[in-house]
Amino acid sequence: QRHLECLLKQWYQRRVRGERLVLIFTEQSLYPPYHYVRRVPQKIIHCFTMIQILQLVALCLISFGGSAYLKMFFPFVIILLMPIREKILPKIISERHLDALDGEH
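The paragraphs below set out a description of the structure included in this document. (Residues numbered from 1 in each chain as written. Predicted model: local features only at pLDDT ≥ 70, side-chain atom pairs only at ≥ 80, totals over all residues. Heavy atoms only, no water.)

A word on the overall build of the chain. Looking only at helices and strands, the chain has seven helices and zero strands in total. Listing every helix and strand of the chain by position from the N terminus yields α-α-α-α-α-α-α. Among the 105 residues that make up the chain, the fraction classed as buried is 32%. Intrachain contacts of the chain at a sequence separation of at least 6 include 59% that bridge at least 24 residues. Summing over all exposed atoms, the chain offers an accessible surface of approximately 7200 Å²; the carbon and sulfur share of this is 69%. (Helix = DSSP H or I, 4+ residues; strand = E, 2+ residues; numbered from the N terminus. Buried < 20%, exposed > 50% of the residue type's maximum accessible area, 1.4 Å probe, protein only. Contact = heavy atoms within 4.5 Å. Areas by Shrake-Rupley, 256 points an atom, 1.4 Å probe, with all protein chains shown as cover.)

What follows is the structure, encoded as structure tokens:
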């Protein structure tokens, strides 16, 4: 239950509106005073954003792909997002930084 809430919260919060994407093109001294920007290094924020963009591209390729067989894998890819977040991302980004990026205090 907590994992699903975390995923939904992550997509629904301000990151969905693209504010983190704008940070890629913004000079670090001009960053807004969001709590995760002050607690997470710029490199980590950009890495996390790129991983999410890759996941979004994969979902779009599967859902908008021309093959009906490819579209059948969409639910499985959605289900795979949870193990990616819980098992693979903590090996790339520290748990402390992930908590800040997720908005957990």
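That covers the picture; the talk isn't over yet.
Time to look at the nonpolar core. Generally speaking, nonpolar side chains in soluble globular proteins are found buried as a group. Counting residues in hydrophobic clusters, the biggest one holds 13 residues, and the most contacted among them are Tyr36, Val40, Ile45, Phe48, Leu89, Ile93 and Leu101. Contributions of two or more residues to this core are made by α3 (35-39), α4 (42-63) and α7 (95-102). Per element, the largest residue contribution to this core is four residues, and it comes from α4. Beyond its immediate chain neighbours, meaning those up to four positions away, Leu89 contacts Phe48, Ile51, Ile84 and Leu98. (Core = buried A, V, L, I, M, F, W, Y, C linked by side-chain atoms within 4.5 Å.)

Attention shifts here to the side chain of His97. Along the chain, His97 falls in helix α7. Of the residues examined, His97 reaches a relative accessible area of 10% and is grouped as buried. Apart from the residues lying within four places of it in its own chain, the contact partners of His97 are Arg39, Val40, Pro41 and Ile44.

In an α-helix, one turn spans 3.6 residues, which is why side chains three or four residues apart end up on the same side. Within α7 the residues assigned to the buried category are His97, Leu98, Ala100, Leu101 and Asp102. Immediately beyond the C-terminal end of α7, within one or two residues, lies Gly103, with a positive phi of roughly 90 degrees.

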